[in-house]
Amino acid sequence: MAESTAPNIPDSAPKKADAKQDAPVSVLRFEGVTVSFDGDAPVLDKLSFNVHRGETRVILGAAGSGKTVLLKTAMGLIHPDSGRTFLFDEDVTDKAEVELFDIRCKIGMLFQESALFDSMTVAQNVAYPLLNQKAIQVQRDQMEPAVRNSLRFVELEQTMDKYPSELSGGMRRRVAIARAVVTNPPLLLYDSPTAGLDPITAHTIMALIVKERDANNTTGLVVTHRYQDGNLVANFRYNPNSGRLDPAGAEGTNTIFMVMKEGRLVFEGNQTDLEACKDSYVMKFVKRPELEAA
Amino acid sequence: MLDTLKGPIQAVQDFYELTGRAIRNVFRKPHYVDDILLQMESIGVGSIPIVLLTGFFSGAVMAMQMGRGLQDYGQTGRTGQFVSIILVRELGPVLTGVMVAGRNSSGIASELGSMKVTEQIDAMRALGTDPIQKLVTPRMIATALMLPCLTIIDDFIGMIGGGIMAKVLFSVPTRQYWSTVWRALVWNDVAQGLTKPFVYSFAVSLIGCYYGLRASGGTQGVGRATTQAVVWASIAIFVLDFFMGRIFLGISQIGT
């Protein structure tokens, strides 16, 4: 994203340039969070984890394991029955909807089905957070360049005047990414960004996620059920010179994997630990060369 | 027994909470004036054709039936009096309310329901907008402004329909018809005729919004929400009509 059109985000947002030098700062923390609907079995069951600035969390799990609910709870869209949620070290558990708006402007979210407003054009969709998030102040004359930059980032500048219904599934997903990153939020939540897409488009989407992370040093949570998505995030870096993804090498990418099962966290660790894990449920999400050969 | 009642009680509580928040938002910023105007166009102007048709034919049918009854007593000249009182006090507000409920409660429920099941409502909240402020309050204000106007149109067109039938079937002179129409109405009727649609407008808009915002289960859920919105909005209009009719009757008795 071009810095010249970056909107003003409140002071508590971390300075991106210093992200790596700073001591680990908690961006998102769950402490024993339980969520259930209509008195049924909990969708999230005493979930605890801590995401530090600059980390990328890849959340794997079967359908119905609570991945989407986790992201919506993190965003404050769902209130937990018990436990505490912290965003940028601020307890947001009991905050009212209006109070949450200021914190939400520091978070970008890509919804599972893109959730673009179908009565608005692509440009209006991308401009929506700039116009409606009170804590973000963008001059009128900066609006159009900011939207254009964001769409250029996902290589869809030419679709500004189109409606979401005129776009393919992959393009809609890319526009949704443009909308999520237009305010340059320090935390990004991606809900199944590759679900229902062909492998080529899925790779394009994941490459954009890596590009956003490395270009802006953002913290991210990527919910997926495809191990290859996590593998790409964990082992590749965006090269701004070539515009391509290069292997991260020994430096790594500060990626941590989490595996969810029936609302509980059954694994949390790096890729090496994940691949070494002998748990039969966890093993189902890991693509191992020896297993593939067998 | 308690479990059976839990659902409806929860629904009523949720509806009143939505109503409270929607009304409170009228006095809070931001005000989405563009959305209000857009909804006034959609709910108000868009409903004019159906209001014209139902208004004309309901007035015509009323004059036809009333005139037949009055003919036995040689009182066909008073057809206009009956048509105007029934239209302004009861049939105009109720018919307009039910027609607008059929058209707009369903439209609101399906629009908001589609937004709900495709996570657009969640996206709106995530992007810093209160969906009640942005979606519910403008629809509530627009309906509250437009339904009384539509009722006036319906009443007037109904009277024209009644006048035509009175002239064609019972040879009532036009001048006499309009004279009885005018003389039959008192301020209580006009107040009743305008207060009722104002109150119904909240049922029409808020019930549509309520069912739309709680839609779940994909397209089937949206369909279910739409049906429930129309059914409950129509029932609410008849129930409110009964109680408001009783209140206005009481007021008119105090006056005499």
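Residues numbered from 1 in each chain as written. Chains lettered and ligands numbered in written order. Predicted model: local features only at pLDDT ≥ 70, side-chain atom pairs only at ≥ 80, totals over all residues.

*Asks:* I'm lost on the overall build of chain A in this one. Help?
*Replies:* The secondary structure content of chain A amounts to 10 helices and 12 strands. Buried residues in chain A amount to 45% of all 294 residues. By sequence separation, contacts in chain A at least 24 residues apart represent 68% of the contacts at least 6 residues apart. (Helix = DSSP H or I, 4+ residues; strand = E, 2+ residues; numbered from the N terminus. Buried ≥ 20, exposed ≤ 12 C-beta atoms within 10 Å, placed from the backbone. Contact = placed C-beta atoms within 7 Å.)

*Asks:* I would appreciate a short explanation of the sheet that holds strand β8 (residues 219–223) of chain A in the present structure.
*Replies:* In any sheet, the strands associate via hydrogen bonds between backbone groups, in a parallel or an antiparallel arrangement. Residue and element names in this part refer to chain A. The strand order across the open sheet built from 6 strands is β6-β7-β8-β3-β11-β12, with neighbouring strands paired in mixed fashion. Unpaired on one side and paired on the other, β6 (107–110) and β12 (264–269) mark the two borders of the sheet. Direction aside, neighbouring strands of the sheet carry axes that sit 15° apart on average. As judged from the 6 bridges shared by strand β3 (residues 56–61) and strand β11 (residues 255–261), these two strands associate in the parallel manner. Opposite Ile59, over in β11, you have Met258 as the bridge partner. Against the sheet, helix α5 (residues 169–181) touches β6 and β7 (187–191), its axis set at about 170° to β6. Helix α7 (residues 227–235) contacts β3, β8 and β11 of the sheet and is inclined by roughly 165° relative to β3. (Pairing = 2+ DSSP bridges. Axes fitted to C-alpha atoms, helices over the stretch in contact; angles between N-to-C directions.)

*Asks:* Would you mind showing me how to read unusual backbone geometry here?
*Replies:* Glycine aside, the phi torsion of most residues is negative, and most peptide linkages are trans. Cis peptide bonds are those with omega within 30 degrees of zero, and the linkage from Lys29(B) to Pro30(B) qualifies with -5°. Considering the arrangement of structural elements, one finds Pro30(B) in the loop between α1 (2–26) and α2 (33–44). Although it is not a glycine, Ala115(A) adopts a positive phi angle of roughly 55°. Accessibility expressed as a C-beta count within 10 Å gives 25 for Ala115(A), which makes it buried. The phi torsion at Ser192(A) lies on the positive side, around 45°, for a residue other than glycine. Residue placement: Ser192(A) occurs in the loop between β7 and α6 (199–216). On the basis of neighbour count, Ser192(A) is assigned to the buried category, with 23 C-beta atoms found within 10 Å.

*Asks:* Would you take a moment to explain the pairing of β8(A) for this structure?
*Replies:* Within a regular beta strand, the side chains point alternately toward one face of the sheet and then the other, so they alternate between its two faces. Residue and element names in this part refer to chain A. Across the 5 residues that make up β8, a large majority, 5, are buried. Neither face of β8 is exposed, since Thr219, Leu221 and Val223 on one face and Gly220 and Val222 on the opposite face are all buried. When β3 meets β8, the two strands line up parallel, connected through 4 bridges. When the sheet's bridge partners are listed, Arg57 is paired in β8 with Leu221.

*Asks:* Could you clarify how one ought to interpret the sheet that holds strand β4 (residues 82–87) of chain A in this entry?
*Replies:* Residue and element names in this part refer to chain A. Taken in spatial order, the 4 strands of this open sheet run β2-β1-β4-β5, and their pairing is antiparallel. Two strands bound the open sheet, and with one partner strand each, they are β2 (44–52) and β5 (90–91). By the bridge criterion, 6 bridges tie strand β1 (residues 26–35) to β2 in an arrangement that is antiparallel. Bridge pairing links Ser26 to His52 in β2.

*Asks:* Before we go on, may I ask you to explain the pairing of β1(A) in this structure?
*Replies:* Where β1(A) lies against β4(A), 5 bridges are found, and the strand directions are antiparallel. Bridge pairing in β4(A) links Thr34(A) to Ser82(A).

*Asks:* Mind showing me how you'd approach the interface of chain B and chain A here?
*Replies:* Accessible area lost on assembly of the parts is the figure often given for the size of an interface. Each partner contributes to the interface: chain B provides 11 residues, whereas chain A provides 18 residues. Residue composition of the side of chain B that touches chain A, grouped by class: 3 nonpolar, 4 polar and 4 charged. (Nonpolar A, V, L, I, M, F, W, Y, C, P; charged D, E, K, R; others polar.)

*Asks:* Even after reading the chapter, I still don't get the domain arrangement of chain A, so can you show me in this structure?
*Replies:* All names here are of chain A. Split by domain assignment, chain A resolves into domain 1 (24–106 + 187–294) and domain 2 (119–185). For domain 1 versus domain 2, the separation of C-alpha centres amounts to 24 Å. Of all the secondary-structure elements, those providing two or more residues to the side of domain 1 that touches domain 2 are α2 (97–104), β7 and α6. Considering each element in turn, the side of domain 1 that touches domain 2 owes the most residues, 6 residues, to α6. A breakdown of the residues in the side of domain 1 that touches domain 2 according to their chemical character gives 8 nonpolar, 4 polar and 3 charged. (Domains from an automatic or database assignment.)

*Asks:* Where do I start with the packing of helix α6 (residues 131–170) of chain B against helix α8 (residues 187–213) of chain B in this structure?
*Replies:* All names here are of chain B. The contact between α6 and α8 brings their axes to 8 Å, and the two run at 140°. The angle between α6 and α8 falls in the class oblique. Considering the relative orientation of α6 and α8, their crossing is right-handed. Taking contact as the criterion, the partners of Leu135, Val136, Arg139, Met140, Thr143, Ala144, Leu147, Pro148, Thr151 and Asp155 in α6 are, on α8, Gly193, Leu194, Pro197, Phe198, Tyr200, Ser201, Phe202, Val204, Ser205, Leu206 and Cys209. Classifying every residue of the contact of α6 with α8 by side-chain character gives 14 nonpolar, 5 polar and 2 charged. (Parallel < 35°, antiparallel > 145°, perpendicular 65-115°, else oblique. Left-handed = near helix turned anticlockwise from the far one by under 90°.)

*Asks:* Please clarify how the nonpolar core should be interpreted in this entry.
*Replies:* Where a protein is soluble and globular, its nonpolar side chains tend to be buried together. One finds Ala178(A), Ile207(B) and Ala233(B) to be the most contacted residues of the largest nonpolar core, which totals 138 residues. If one sorts the elements of this core by residue count, helix α4 (residues 79–117) of chain B sits on top with 15 residues. Composition of this core by domain shows at least three residues from each of domain 1 (24–106 + 187–294) and domain 2 (119–185) of chain A. (Core = buried A, V, L, I, M, F, W, Y, C linked by C-beta atoms within 7 Å.)

*Asks:* In this structure, what is going on with the confidence of the model for chain B? I would like to understand it.
*Replies:* Interpretation of this model should avoid reading the predicted coordinates in detail wherever pLDDT is low. For chain B, per-residue confidence averages 91 on the pLDDT scale, and 99% of positions sit at 70 or higher. The ipTM, which scores confidence in the relative placement of chains, is 0.83 for this predicted complex, and the corresponding pTM is 0.84. (pLDDT = per-residue confidence, 0-100.)

*Asks:* Got a minute to help me understand the confidence of the model for chain A in this structure?
*Replies:* Residue and element names in this part refer to chain A. For chain A, mean pLDDT is 85; residues scoring 70 or higher make up 90% of the total. Averaged pLDDT values for the elements of chain A fall to 55 in helix α10 (residues 289–293) and rise to 94 in β4. Contacts from residues 1–6, a stretch scored under 50 in pLDDT, to residues over four places away or in other chains number 14 contacts. Taken together, the stretch residues 9–20 has pLDDT below 50 and engages in 22 contacts with residues farther than four places along the chain or on a different chain.

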